[in-house]
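Chain by chain, the residues run as shown.
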Amino acid sequence: MLPTSLSSLHATTSSSAPSLFPLSTSCPYPSSSSSCSSSFSLSFQPSSHQPRRLLSFAPNFNTHIRRNSKPKVLKVHCSTSEPLKVMISGAPASGKGTQCELMVNKFGLVHISTGDLLRAEVSAGTDIGEKAKEFMNAGRLVPDEIVAAMVTARLSREDVKQKGWLLDGYPRSLAQAESLEKLKIRPDVYVVLDVPDEILIDRCVGRRLDPVTGKIYHIKNFPPETEEIKARLITRPDDTEEKVKSRLEIYKQNVEAILSTYSNIMKTIDGSRPKEVVFEEIYSLLSEVQKDKVKLIKSGNVKPEGESSSNQAPVYQDKWRGIPTRLNNIPHSREIRNYFYDDVLQGTQRAVNDGRMRLKVEIAIPELNPEMDVYRIGTLMELVRVLALSFADDGKRVKVCVQGSMGQGALAGMPLQLSGTRKILEFMDWGDYGALGTFIKIGSIGAREVEEQDDIFILVAPQNAVGNCIIDDLKAMTDSAGNRPVILVNPRLKDLPGSSGIMQTMGREKRLEYAASFENCYSFRLLYYAGTQYPIMGALRMSYPYRYEIYKRVDQPSGGEKYEILSTFSEKPSSDDINDAFLGKPRNQAKKASGFW
Ligand code: AP5
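To start, this report covers the structure provided alongside it. (Residues numbered from 1 in each chain as written. Predicted model: local features only at pLDDT ≥ 70, side-chain atom pairs only at ≥ 80, totals over all residues. Heavy atoms only, no water.)

This paragraph deals with the site of the ligand. Close to the ligand lie 35 residues, the nearest being Thr98, Arg140, Arg172, Arg207 and Arg247. With respect to the ligand, the backbone of Ala93 contributes an N or O atom lying 2.9 Å from an oxygen atom. Within the contact set of the ligand, an oxygen atom lies 3.3 Å away from a backbone nitrogen or oxygen of Ser94. Contact with the protein chains removes 97% of the 1000 Å² of surface that the ligand exposes when unbound. Listing elements by their share of the shell around the ligand, those giving two or more residues are helix H1 (96–107), helix H2 (114–124) and strand S7 (216–218). (Near = heavy atom within 4 Å. Polar contact = N/O pair within 3.5 Å; in protein donor to acceptor, adjacent residues only side chain to side chain. Areas by Shrake-Rupley, 256 points an atom, 1.4 Å probe, with all protein chains shown as cover. Helix = DSSP H or I, 4+ residues; strand = E, 2+ residues; numbered from the N terminus.)

Here it is as structure tokens:
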């Protein structure tokens, strides 16, 4: 039974402070439509040219010119059997076009910019162009029908199938995202450029375009190379401060709805840094996605383009099957346990492959939440074994560590949760190939445990005990590990009462700072009404490198249940954020005029 009084959500872990916001079952998505309601009946004939940043508003300028005619950079070899599919999104002037140019040069993708396609139509004086012009010049979105027809026509062309695609500025409304979903057109990765408002406005107002080369300049940041170029530069009619503000507003109104469609393949990148730095991150992301794609095709899990019936399956999180149901059935079934082991493994592997070194896994399904009566140490051990064997399979030497007895004399002891763990680990079945003792070693926590041959460390639920603080040992160990990955599985590094003051060996602030230096590569917890553990109201999940996702559990008329995504966050959401998501309130960040939307 659902509590009828004003209650609030809380998480299964004690870290989430209860709050006083009531829940609502109303749809939390912001208005999905683009800014216009007019409807057109259109037949779209794709132009034969391949426009890039076309300058339709240039006086005496009617030809379609590539922005940069001579790519100097080395191209990454993309096998034609697994072309990349990329979407890039971000507020006006976040640098989408700038980054697309670099991506095209490196990855050979077909760049499809709806802004460019529309400007080409305006420039060519077509019917579509005439209709689009008034919306564009006013800084408003062009009606969905026009843009959707243009994009799908362009995506169906042969070069796109051969080389892969890079969709820039589309979808920009929920309707546009849905029309792609219906056609099963999904990217491998969804890149979001995050830039604060004040920078965006400055970039737009200072942007100048060269009608001859199509190159983008900025009066301060990228001034033209010669006086001759400077003399011919033009300004986009929608780049006035007033219009930029209106474009920004429209972007914010629509972005949330689109993000939820792609949250599981989304990567947010700080676009306020120099363009080369931004591209470096995009480059390594796309290279990783490309590698994953090749691996999957080789493993037979995904068919190459053209052979698949649903040829747009996302690669980066393709194995993720949504949140399993019946999570309140205890003990968890083997399928559910395996599901979570695999989910944790994917996020952890991606983080390690990305060179992340101080990682933590926080998984609080009932069987792994020590604050619930159904906690099972065996489930934790199984999870650790899956992680360790997987890294060992990749040829890494893994050290699995459990803290030993801490303290002295009457204060000696270890947290109850961990007693007997080391023995269990030693007796566990580590496979037929003798991994234990060669690729996998069992150790304790401390600097002395770090040996030269160790490649990676998995620390099982390191935690403080009453009167004893593990952080000194942990810190000494991570210092010795240097740039080798250290993964904490379900750490509990919060303060506990210190009967002897031993807890104070490191200042509280330092302890918190140290604990916070580990980044989540996986996080999952169930959400309940405050003070209850039934029914499950939803879940919070994050798997590196994606965003935190808040899900709502919905009962189905058939008697089943499902989890629907409500909202996503680049940082771990607070209890207030979670409550707001359930209430359908706009996010705090969105309310502010800057930050990520
Ligand atoms: P579109 O052309 O897509 O405009 P936009 O999304 O507003 O984006 P911009 O082109 O302004 O910016 P950008 O992110 O590409 O940044 P850029 O690299 O140029 O769309 C125009 C209009 O078409 C829309 O308003 C709408 O009317 C219509 N439209 C388009 N798609 C639609 C759709 N799907 N549905 C409906 N209507 C649609 O960079 C900007 C400036 O910053 C440059 O000066 C650059 O030099 C500089 N810069 C870039 N990166 C950096 C950096 N890292 N550091 C410093 N400066 C930088």
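Once the structure has been displayed, the description carries forward.
Moving on: the sheet that holds strand S3 (residues 110–113). Read from one edge to the other, the open sheet built from 5 strands follows the order S3-S4-S2-S5-S8, with strand pairing classed as parallel. In this open sheet, the two edge strands, each paired with only one partner strand, are S3 and strand S8 (266–270). With strand direction ignored, the average angle separating the axes of adjacent strands in the sheet is 20°. In this sheet, strand S4 (residues 165–168) lies alongside S3 in parallel orientation, the contact comprising 4 bridges. Within the sheet, the bridge partner assigned to Val110 lies in S4 and is Trp165. On the sheet, H1 packs against strand S2 (85–90), S3, S4 and strand S5 (189–194) and is oriented at approximately 160° with respect to S2. (Pairing = 2+ DSSP bridges. Axes fitted to C-alpha atoms, helices over the stretch in contact; angles between N-to-C directions. Contact = heavy atoms within 4.5 Å.)

Below, the discussion takes up the packing of helix H4 (residues 144–155) against helix H6 (residues 174–182). At a minimum axis distance of 10 Å, the contact between H4 and H6 shows a crossing angle of 35°. Our pair here, H4 against H6, has a crossing hand that is right-handed. Touching Asp144, Val147, Ala148 and Leu155 of H4 are Ala175, Gln176, Ser179 and Leu180, all from H6. (Left-handed = near helix turned anticlockwise from the far one by under 90°.)

Time to look at the pairing of strand S14 (residues 519–529). Across the 11 residues that make up S14, a large majority, 10, are buried. Sheet analysis places strand S9 (residues 358–364) next to S14, joined by 6 bridges and oriented parallel. Pairing of Lys360 across the sheet is with Asn520, part of S14. Relative to strand S15 (residues 536–543), S14 runs antiparallel, the two being bridged by 7 bridges. Within S15, the position partnered with Leu526 by the bridge is Ala539. Taking the residues between adjacent antiparallel strands as the criterion, S14 and S15 are bridged by 6 residues, where Gly531 takes a positive phi near 80°. (Buried < 20%, exposed > 50% of the residue type's maximum accessible area, 1.4 Å probe, protein only.)

The subject of this paragraph is the environment of Ile536. Counting through the fold element by element, Ile536 comes out in strand S15. The buried category is assigned to Ile536, whose relative accessible area is 3%. Expressed as a C-alpha distance, the spacing of Ile536 and Leu526, which sit 10 residues apart in the sequence, is 6.7 Å. Aside from chain neighbours lying at most four places away, what touches Ile536 is Leu327, Asn328, Leu526, Leu527, Tyr528, Arg553 and Tyr563.

Ranked by size, the top nonpolar core spans 51 residues in total, and within it Val400 and Leu425 carry the most contacts. Residues in contact with Leu425, not counting those within four places in the same chain, are Met381, Val384, Val400, Val402, Trp430, Ile442 and Val460. (Core = buried A, V, L, I, M, F, W, Y, C linked by side-chain atoms within 4.5 Å.)

So yeah, pure geometry; function would need other evidence.
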